[in-house]
Amino acid sequence: MQLLTNALDFINSQDAVDLFYYFWFFLVFDFSRYVLADTFFLMVYFFKKKKNRPVRVDARLRLFKENPLISIIVPGKNEGRYIPELAKSLNRQTYKNIETIIVDDGSDDNTFKILRKLKNEGKIDSIFRNDVRGGKASAANLALMYSNGKYVVHLDADTHLKEDSVEQIIIPFYMDSSIGAVGGDLRVKNIYANLATSLQSIDYMKSISTGRVVNSQLGILRIISGAFGAFRKDVLDQIKGWDVGPGLDGDLTLKIRKLGLKVKHEPEAVCYTSVPDSFIKLIKQRYRWDRSLVRFRLRKHSDLLSFKNRNFNIFNFLTVVDNLLFNMVMNFKWWIYIFYIIFLNPKFIAIIFVINYLLYFSTNVIEFILATKLYGKTMRFQEYMLIIFLPLMPLYHGIFLRLIRTYAHIMEIIHRSSFEDKWNPWKVSKVVKKQRF
Amino acid sequence: MNIFIIDEKKITQIGELSVVSISLKEIKDNPPLESEIFIVNCENKKYAKAACEAIRRDTNPAIYLKPIILINSNENFTINNIADGYFTIEQTDALNNSFFPASYGSINQRIEEIQGFKGVKDTNIALKVLRYIMTRKMSLTPFRGSGNRFGLYYPNIDIFMRSKDETIYNTLDFLEDQNLLSQEFYEKVHLCIHCNSSFLNFMEVCPHCGSADLEDDDLVHHFDCAHVAPAKNFKQNGSLICPKCDKELKGLGVDYDKPATVFRCNSCRHTSQNPDISTTCFHCSTVTEPEDLQKRKIKKYSITALGENAAIHGIDQMFIQILDEKIKILPYQAFKILLSSEIERIRRYDISKSSVILFQITQSEQFYAQLGKRTRQIFSEIGDILNSVLRTCDITTTINEVTFISLLPETDSTGADVALRRLKEKFSVLIESNFEKQIEINTSSISLNKDQDVESVLTGVIENATAN
C-alpha cells in the first residue's frame, strides 16, 4: 500500500515529459498497438460484420447450394485417444458434405487400432499410416495428396469443433473469391487444468481471438493456425502443401499471401483445443513457435521486405514488419528499457515497476473486455471466471513469455536451433539443416 | 502265409513270393477271410485304388483291417498313403516270403485280439476308424493335398467313406469327445461358408467399390520439402525427381524414405492404404469376408487306453450305457432267457398273447457319420422315445447299437403294431430335425406262440425287418 502511495506521489511529482520519459515503452508500443489499435479495429470489425450480414447470409446460401466436398485432414502421432471426440464433433456438424482423413504418423501406441475401429464404425472416412514418423508437414501432405475436397480444413488431433464451425470457416471463401485461407478461432478446452492452462486461456482470448481479428481487418494476418485452418485445395496444390517446420503454419500462410491471395481470421468458426498443461511444456512450445519468426519471417520469406521484389505487396510487407517490430525488435527494445531504468534511475525501480504493472494490468483488463465482446454469446462461464487470473497476466505476458521469446530469437539467430528440434524426426532435420533460405 | 494279390494279370509269383490271385469282383462279392495280407498291383492306378477301396470298405474286420501292400508303385502315387506299405517297380522284384511276416505280422496279431460280435459286421464308421488306428499303433496325422476340400485329410481312414465330405471329421470329433482318441493341434483351416472348401482365393479389394483390380505403390517422403506422393510420381528417366522441389533424390534413407504403401483402384480410382480382404471359393465361387469364413482346427490323433479297449470289445456298450440312463437295456443273453421263459409260459397256459418287436436304424454308416459330437444327445433322445412308448413291464435288448428288440408281454399283434407305429413316428421326428440325409427305420413284429423257440423268434423278427 505504501508502494502504491509512493507510486501515485511519483506520478504527481512528474510532468508529462518526465512521465513519457519513464513509461515511453508502454505508451508508444503496448498501449498504442494493443489497446488503441485493437479497440479501434475491433469496432471496425463489429461495424463491418453488421453491415456485411446480408452478404454473409447470401454466402452461406451459396455454400449450401453448391455443397462442395470439404476434406478434413488430421495428421498426428500417438494422438488416437483424442480422435473419438474429434470425430464425434465432426459428425455433428451442420455442414455434412465432409470427408475425414486421418494420418497416423508412425504412432507406437494404440492410435492405429483406434482409427481402424472408428473407420469400421463409419465415423471417419480414410486413414493412412506411415510406418515410420515423417513429421507433421509430410503427414499433412500425405493427407492432402488423397483429399478430394474443394476446400481442405487442417485440424490438430486434440481439438474438437463447435457444431457450425465447418460452415463458418468456409463461408468467407464465398464472401470474397480472393481469399486463399481462413483461420478458425481457437479456444482453450482445458482452461482449468492448472495455472499454466488458465493463463494461456486469457492469452488465447487476447492474442488469437482479438489479435487475429484485428490483424485480419488490417490485412496483415500472418498465420492460419494448423489447429484449425481452412484452405482452398487448388491453392494448396499450387504451393504444394506444407514445408518442413517447426512453424509450418506461418510459413504456409506467407506462401499463400505471396500468391496475392488474402488470408482471413473467422472468429465465428470456433475450435476447442488443448494447450500445454505444464509450464515446462509451455516453454518448449513457445520456444518452438518463437524461433519460427527468425527462421521463416526473417530468413525464408525475407523477400517480402524487399522493395525490389517484383511481387512486392505493401500488406505482405507490413505483415512481416508488424511481426518483426512488435515481436522481435520491441522485445530487444524492452531489455534496453529495463537496463535504462535500472542503470539510470535505480532509486525508482520499485515505483516504476509498480506503475508499469498497473498499466499493463489495466491493458489486460481492457483486452479481456474486448475479447468478451468479441466472443459474445459463445463466451462460456468458465471463460468469464478467468478474470481472477488477470492480475498475473502482466507477469506472464510481460516477463515469462518475453524471456522465452528473447532466448528463442537469440538461439535461432546464432545457432539455427530450430533445425535440431525433436519436433521433426532426426532424419528430416539432418537434411533440412543444410538448406539455406 | 496267405497272401492275396488283386490285379488284372492273375499273377501268382512276385519275385520269390508266392501269391494267390483274386479279382476286384471277387474281393467285393466274396472276400477271402483267410488272407493275411492283400497285395495290390499298381500298374493300373485306377484299378489299384478301387481294390484298396473294396478292402477298406468291407465291414468284416477280417478284411478291412488287413494290411494292404502296393507293388509296382511310384513314389508320387497318392494311394501310397492309403496302404500299409508300398514297393516301387525296382523294389517289387526283390520281394521275398520272409519280409511280410516280420513287417506286418504285428498288425495281424492285433486284428486277432479283436472280438467281433459273431454275425454282426462293423457298420459303425467310428468303430472301424478306432480299430484301424489300434491295429496300426499309429498316430493319425493329416496329409496336405488337394484331394480333400479341407486341404488337409487323413487318406488312410478317408477311404472308409464313400462320400468325400466332412463325415470323417465328425467321426473323429465323436471319438475325441468320448475320450477314445486324444488330439494334438495340427493346423487351423478357413473354410467356405457355403461348401466348406478351404481352397479360397484371398484378394485385396477396393474398400470403396469392391473391385480386386488394385495397383499398389510405395509412398515416397522427400525429407527436404516434406513432399509425399506415390513413387511413380517421382520417377523421371530412371531417376527419382521430387515433383515439389525438382530436386533429384539421392538415396533411400539419405534424403527420402518409403513410409507406407498405397493401393489404387483401377475401377473407381479410390486410393486406400488398407484395402479390404475378400475371399472367393474356388469350388462354389462364394464370395465371403474373411471374418465370416468358417474356421476348423485340424488335429493329429492318437488312440487312448479307453480307445484301445473299445476297439477290442466294440463301442456298442458305450451307446447302451447312454440308453441305460433312460431305459433298462438287458444283455442279449439275459433277454434270450426271459424270452424263453415267456414262450414257455404261453405254451403252458395258452391264455395270453405276447409279442416281440424290432426296430432298426438303416444306413448306419450315414447315421454315425452325421452324428459326430451329437451322438450322446441323440442316443439320450432315443432312450426317451423308447421310454415314452414302451411300458415298464416291456423288456428291451440290443444286438448292436442300431438294432433294438423288445418283448411286449400281454400284447397281441395289434398292440405291437401300435407300439411300433408310435416308435416310428417319434423316430421320424427325431431324424428329420437332426439329420440332413435320409435315415430310414426298419421295423418288424412277431406274436409268440407255443410252437416257437427263442432262436426262431429272433431269427424271424430280424429277417422280417430286413425284408420290410
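That block above? That's the structure.
Summary of the structure given here. (Residues numbered from 1 in each chain as written. Chains lettered and ligands numbered in written order. Predicted model: local features only at pLDDT ≥ 70, side-chain atom pairs only at ≥ 80, totals over all residues. Heavy atoms only, no water.)

Bringing helix α5 (residues 111-120) of chain A into the picture now. Within an α-helix, residues lying three or four positions from one another point in the same direction, as the helix has 3.6 residues per turn. Residue and element names in this part refer to chain A. Regarding α5, the residues found buried are T111, F112, I114, L115 and L118. Relative to the axis of α5, the buried residues are bounded by an arc of 155° and lie together on one face. Residues K113, K117 and N120 are exposed on α5 and point more than 90 degrees away from its buried face. Buried residues along α5 sit in contact with α4 (83-91), β2 (98-105) and β3 (126-130). Positioned one or two residues after α5, G122 has a phi angle of 75°, which is positive. (Buried < 20%, exposed > 50% of the residue type's maximum accessible area, 1.4 Å probe, protein only. Helix = DSSP H or I, 4+ residues; strand = E, 2+ residues; numbered from the N terminus. Arc of directions from axis to C-beta. Contact = heavy atoms within 4.5 Å.)

Residue and element names in this part refer to chain B. Here three strands make up an open sheet; going across it, the order is β11-β18-β19 and the pairing antiparallel. The open sheet has two free edges, formed respectively by β11 (200-205) and β19 (287-288), since each of these has just one partner strand. Examined bridge by bridge, β11 and strand β18 (residues 276-281) share six bridges and lie antiparallel to one another. For F202, the partnering residue across the bridge sits in β18 and is T279. (Pairing = 2+ DSSP bridges.)

Let us now look at the interface of chain A and chain B. On the side of chain B, 25 residues touch chain A, which itself brings 26 residues to the contact. Roughly 1900 Å² is buried in total at the junction of chain A and chain B, and carbon and sulfur atoms are behind 56% of that figure. Summed over the shared surface of chain A and chain B, the number is one salt bridge. One salt bridge connects A:D243 with B:K244, and the closest N-O pair in it is separated by 2.8 Å. (Buried area = accessible area lost by both parts, 1.4 Å probe. Salt bridge = Lys/Arg side-chain N within 4 Å of Asp/Glu carboxyl O.)

With that settled, consider the packing of aromatic side chains. Scanning the entire structure with this criterion turns up 24 aromatic pairs over all chains. Both rings, one in A:Y357 and one in A:F361, keep their centres 6.3 Å apart while their planes meet at 5°; by these two values the pair is stacked. Linking A:Y357 with A:F361, this pair stays in helix α13 (residues 349-375), spanning four residues, or about one helical turn. One aromatic cluster is present, formed by B:F150, B:Y154, B:Y169 and B:Y301 through successive ring pairs. Taking the ring centre of A:F112 as reference, the NZ or CZ of A:R129 above it sits at 5.7 Å. The residue whose ring lies beneath A:K373 is A:F46, and the NZ or CZ to ring-centre distance is 5.7 Å. (Phe/Tyr/Trp six-rings, centres within 6.5 Å; stacked < 30°, edge-to-face > 60°. Lys NZ or Arg CZ within 6 Å of the ring centre and 35° of its normal.)

One finds A:I70, A:I72, A:V153, A:L155, A:I170 and A:F228 to be the most contacted residues of the largest nonpolar core, which totals 60 residues. Beyond its immediate sequence surroundings of up to four residues, A:I72 is in contact with A:L90, A:I98, A:E99, A:T100, A:I101, A:V153, A:L155 and A:V166. By size, the runner-up hydrophobic cluster in this structure holds 50 residues, among which are B:I71, B:I111, B:I133 and B:M138. (Core = buried A, V, L, I, M, F, W, Y, C linked by side-chain atoms within 4.5 Å.)

Residue and element names in this part refer to chain B. In contact at an axis separation of 9 Å, helix α6 (residues 125-136) and helix α10 (residues 305-313) are set at 110° when each is read in the N-to-C sense. Accordingly, the angle class assigned to the pair α6 and α10 is roughly perpendicular. Both α6 and α10 take part in a crossing whose hand is left-handed. Residue-level contacts link L127, L130, R131 and M134 of α6 to G307, E308, A310, A311, I312 and H313 of α10. Tallied by class, the residues present in the contact of α6 with α10 amount to six nonpolar, two polar and two charged. (Axes fitted to C-alpha atoms, helices over the stretch in contact; angles between N-to-C directions. Parallel < 35°, antiparallel > 145°, perpendicular 65-115°, else oblique. Left-handed = near helix turned anticlockwise from the far one by under 90°. Nonpolar A, V, L, I, M, F, W, Y, C, P; charged D, E, K, R; others polar.)

Residues and elements named next belong to chain B. Under the counting rule described, the total for this entry stands at 42 salt bridges over all chains. Here D84 ties to R56 by a salt bridge, and the two come within 2.8 Å at their closest N and O atoms. Residue D84 is found in the loop between β6 (68-73) and β7 (85-88), and its partner R56 is found in helix α2 (residues 45-56); the two are separated by 28 residues along the sequence.

With that out of the way, let us pick up the environment of A:N356. Residue and element names in this part refer to chain A. Secondary-structure assignment places N356 in helix α13. When the C-alpha positions of N356 and G398 are compared, they lie 10.0 Å apart, and in sequence the two are 42 residues distant. Setting aside its immediate chain neighbours within four residues, N356 contacts F23, F26 and Y337.

What follows is about a nonpolar patch on the surface. Residues and elements named next belong to chain A. Nonpolar side chains collect at one region of the surface, where L195, F279, I280, I283, F353, L392, L395, I399 and L403 lie side by side and expose about 720 Å² of accessible area between them. Elements that contribute at least two residues to the nonpolar patch include exactly α11 (279-300) and α15 (393-415). Its location among the elements puts L195 in helix α8 (residues 195-218). (Patch = residues over 30% accessible without salt bridge, like charges linked within 9 Å, V, L, I, M, F, W, Y side chains within 5 Å. Areas by Shrake-Rupley, 256 points an atom, 1.4 Å probe, with all protein chains shown as cover.)

Before going further, it helps to spend a moment on the pairing of strand β1 (residues 3-6) of chain B. Residues and elements named next belong to chain B. Burial along β1 is two-sided: the residues I3 and I5 and F4 and I6 are all buried. Note that β1 and strand β5 (residues 37-41) share four bridges and pair parallel. From the neighbouring strand, I5 faces β5, where its bridge partner is I39. As paired strands, β1 and strand β4 (residues 20-22) are joined by three bridges and run parallel to one another.

Right, let's talk about unusual backbone geometry for a bit. Residues and elements named next belong to chain B. Positioned with a positive phi, K137 is a non-glycine residue whose angle comes to about 50°. As for its position among the elements, K137 is in the loop between α6 and β8 (143-144). Even without a glycine there, the phi angle at D246 is positive, about 65°. Secondary-structure assignment places D246 in the loop between β15 (239-240) and β16 (256-265).

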